[in-house]
Every structure is written in structure tokens, then in C-alpha cells.
There are 2 protein chains.
Amino acid sequence: MSARTGMLLVVSGPSGSGKTTLCRRLADAGEARYSISCTTRAPRPGEVNDRDYHFLTRGEFVGRLEAGEFLEHAVVHGHLYGSLKTEVLSHLAAGIDVVMDIDVQGAEQIRSCADPDIRRAAVDLFVMPPDNEELYARLSGRGTDSAETIALRMSNALEEMTHWGRYTYLLLSATREDDYAKLTALVTAERLRVSRISPA
Amino acid sequence: MSARTGMLLVVSGPSGSGKTTLCRRLADAGEARYSISCTTRAPRPGEVNDRDYHFLTRGEFVGRLEAGEFLEHAVVHGHLYGSLKTEVLSHLAAGIDVVMDIDVQGAEQIRSCADPDIRRAAVDLFVMPPDNEELYARLSGRGTDSAETIALRMSNALEEMTHWGRYTYLLLSATREDDYAKLTALVTAERLRVSRISPA
């Protein structure tokens, strides 16, 4: 009775919500495997291919999309993003939890996925910045972007934040430690979910 | 956005699963209000009226049942048990979480409750003893009952255990501390549930 299939923890939230840090920390603690997304955007300073993202050309991305290799994909700020099935399916079947840091479009595709194994595995969380002032401070904090870029990022974040009601769980970001404690509680609880227990 | 209605945490499990201890501890820690059940069975040594149960006569119980005062009720080992609406509804509306230690029949009534506020509030957990040997040891451990009584209790427990698949969450009992940590994780996670966030 105790054998279980893995959960697919889908985490969304605007830039500045801290969602990526949360997901990475969960994976670093060995609690879940981090699903590395593919993207056609250029690497930022410090980003490493096949660690932060699989960086693909537009041609490579579209080829793999046409080959049906993506579980979900989205266009964000003019760039393609997507999650490969190979990052997810075999792990879930083996009872390994997978955490996926994706945008609201991708999360919607996971929710409406035709594959019953994915629907059974998936649980989604929206991470919300504490307030708009704090969000602005976080988006400005990188110190590498123009006021115009920050304003655009703020506008995008505010739009993304309108989608929280589509998620099962909402985490109002407070401190890093408090946020992470809530995330691990969610993972602990979801591991008790009867619907992911495999028939003996 | 952060105002939320309370959760109604329904906990079932056979005698010997440790469910009552878990629920009481959650309430004693101030994490939830314990819904005191009514029963027509006689108090056991040490049990206090209006703390452990509301002890009612059969006539009183049936009168309150006919008056529609119960949220759920069940017959267990020939005795009536039930949860009064007054123990639950006003607290949920005020955002106070309520924990309810009830049997599988009562839990089924909560799941099929016509009241949308109850359905939205309710989440259910089945607490399973680690194995039958440990269960037998726990049921024998009180040292106050005959072998026949223990055998009957064991038989009832095994029947009750067949219903775990109807619950959302399953807790396989291990140690008291481990069980309680999982229960509090579940409560923390369920407090993030979007469906209990009140419209602003």
C-alpha cells in the first residue's frame, strides 16, 4: 500500500516572487528532482547550460516541439520555454517527485493535460510576492537593468499575478525560511495523498 | 486576499491508530478547535463530560437528531455518535480550523454533505496502524479488557481499515512524533488552499 507514484509539483509566480529559489532549494535538499526547462532566450551572466536551462536555438526548439517531446510550452516575452517529457515521466513512474518552475500558460497546459498519469501526479502552487512595493524592490534589486526594463517586468508580473485563482495552493511570500517551510509542508502533505498510492 | 474560511479536518482510523491522540494534540497546540462529539455510550474511567464527549441519553440524542442539530452521525458498536453543527459551522465561518475525530460512516456523510460551505471546508485523513501485529499490541495494551473484547475490537479495526481508499490523505502511523509532524504539515499545506480563500 505504501508504494506511490511521484508528484509533479508545478510552481508558478512572477519574477520577484522567489519561486525559482524555492524550487532549487527543494531539489538541492533531495526532496524532488528539478525539471530543467528548455528556452530559446540567451543565457544570462552566470547561467549554465543544462543546469539552469537547456538553451536551444529556435530551430531546435520547434523541431522537438513538432516531435511531441514537450509536456508543456509557452511563449514568454517573445521567447519559447518548455518542459521535456523526458525530464518528468520516468521519474514520476519510479516514485520520484519532480518540481517544475513554469509560467501560468505552462501550468494551464499541465492542468488540462490528456495524460491521466500527469493529471494524477500534478499539484500546483502559485507564489505571490508580499506586496507591490516589495515586488518592485525585488525586481529593481538586481541592479543590472534600466528603469524601462524594470517597469516592463513589473507590468508583466502584475499581469501574471492575476492568475493565482487557477491554482490549488497559494503561498504569500514572507521570508525565505517561512516560504520554504510552507513549501516543504506542502510536499510532506501531498506525499500522503491517496490518489498517488499505487495499487498493490 | 489572505482572509480564509476554516478547514474542517476530518480524521478517521481504527482504535489503536492513534488518531484521537493526534487530534487532541493538534487542538492543545492551538492549531485547531477540537469538535467534541456526542455519544450515547457510557463514559470510560477518566472521561469527562463536555471534554472527551458530550454524553447524552439515547432520548436526548434522538431528539437533537430529529431537530437537525447534527452535521453527521453514526452507529458504532451499538452506540450513537454524532457531531453537532454548533461545534463546527460558526468557527469555520470565522476562519478557525476545526478537527473532528469521527468514524468512517460519519466521514462519508461529511463528504456527501449538501452544504457547500462544509464541502469547501472539509479535508479528510485516514490514520492507519503500522501493521496488524502493532495494532493488536496497541489494542491489547490497555490491559483492561478480555481476550474476547480485544478480538472484537481487532475485527472492527480491520473492517474499518478497508475504507482508507475513500479518503484524500493516508497517514501510515509510525512514531508519535513522526505522525504529528505529518499532521501539522498537512494542516500547514491545507491553509494554502486557494479554494478556502474568501473573496476580498
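Given the structure is predicted, the values throughout are model-derived calculations rather than measurements.

Okay, the domain arrangement of chain A next. Residue and element names in this part refer to chain A. According to the domain assignment, chain A consists of domain 1 (1-35 + 96-195) and domain 2 (36-87). Each of domain 1 and domain 2 has a C-alpha centre, and these two points are 18 Å apart. With four residues, helix H4 (residues 104-111) is the single largest residue contributor to the side of domain 1 that touches domain 2. Class assignment for the residues of the side of domain 1 that touches domain 2 results in four nonpolar, four polar and one charged.

Moving on: the nonpolar core. If you look at the biggest cluster of nonpolar residues, it comprises 76 residues, and the most contacted ones within it are A:Leu8, A:Leu9, B:Leu8 and B:Leu9. Apart from the residues lying within four places of it in its own chain, the contact partners of A:Leu8 are A:Val88, A:Leu92, A:Val98, A:Met100, A:Ile118, A:Ala121 and A:Ala122.

Right, let's talk about the relation of the copies chain B and chain A for a bit. Mapping chain B onto chain A leaves a residual RMSD of 0.0 Å; the transformation is a rotation of 180° accompanied by 0.0 Å of translation along its axis. Taken together, these values place the two copies in the relation of a two-fold axis. Taking C-alpha positions as reference, the residue of chain B nearest the rotation axis is B:Ala185, located at 2.2 Å. When you check the interface residues of chain B against chain A, 100% turn up at the interface there too, and the contact is symmetric in its surfaces.

This next bit is on the interface of chain B and chain A. Taken together, the contact pairs 17 residues of chain B with 17 residues of chain A. Those elements that place two or more of their residues in the side of chain B that touches chain A are strand S9 (169-172) and helix H8 (176-190) of chain B. Split by residue class, the side of chain B that touches chain A holds eleven nonpolar, four polar and two charged.

Now for the sheet that holds strand S6 (residues 79-84) of chain A. Residue and element names in this part refer to chain A. If you trace the four strands from one edge of the open sheet to the other, you get S4-S3-S6-S5, paired in mixed fashion. Because the sheet does not close on itself, it has two edges, and the strands there are strand S4 (54-55) and strand S5 (70-76). When S5 meets S6, the two strands line up antiparallel, connected through six bridges. The residue bridging Ala74 from the neighbouring strand is Tyr81, located in S6. The strands touched by H4 within the sheet are S5 and S6, with S5 carrying the most contacts at an inclination of about 150°.

Residue and element names in this part refer to chain B. Of the two faces of strand S7 (residues 98-101), the one carrying Val98 and Met100 and the one carrying Val99 and Asp101 are both buried. In this sheet, S7 lies alongside strand S1 (residues 8-12) in parallel orientation, the contact comprising four bridges. The residue of S7 that forms the bridge with Leu8 is Val98.

Thresholds, definitions, all that
Residues numbered from 1 in each chain as written. Chains lettered and ligands numbered in written order. Predicted model: local features only at pLDDT ≥ 70, side-chain atom pairs only at ≥ 80, totals over all residues. Domains from an automatic or database assignment. Helix = DSSP H or I, 4+ residues; strand = E, 2+ residues; numbered from the N terminus. Nonpolar A, V, L, I, M, F, W, Y, C, P; charged D, E, K, R; others polar. Core = buried A, V, L, I, M, F, W, Y, C linked by C-beta atoms within 7 Å. Buried ≥ 20, exposed ≤ 12 C-beta atoms within 10 Å, placed from the backbone. Contact = placed C-beta atoms within 7 Å. Least-squares fit on C-alpha atoms with pLDDT ≥ 70 in both. Pairing = 2+ DSSP bridges. Axes fitted to C-alpha atoms, helices over the stretch in contact; angles between N-to-C directions.

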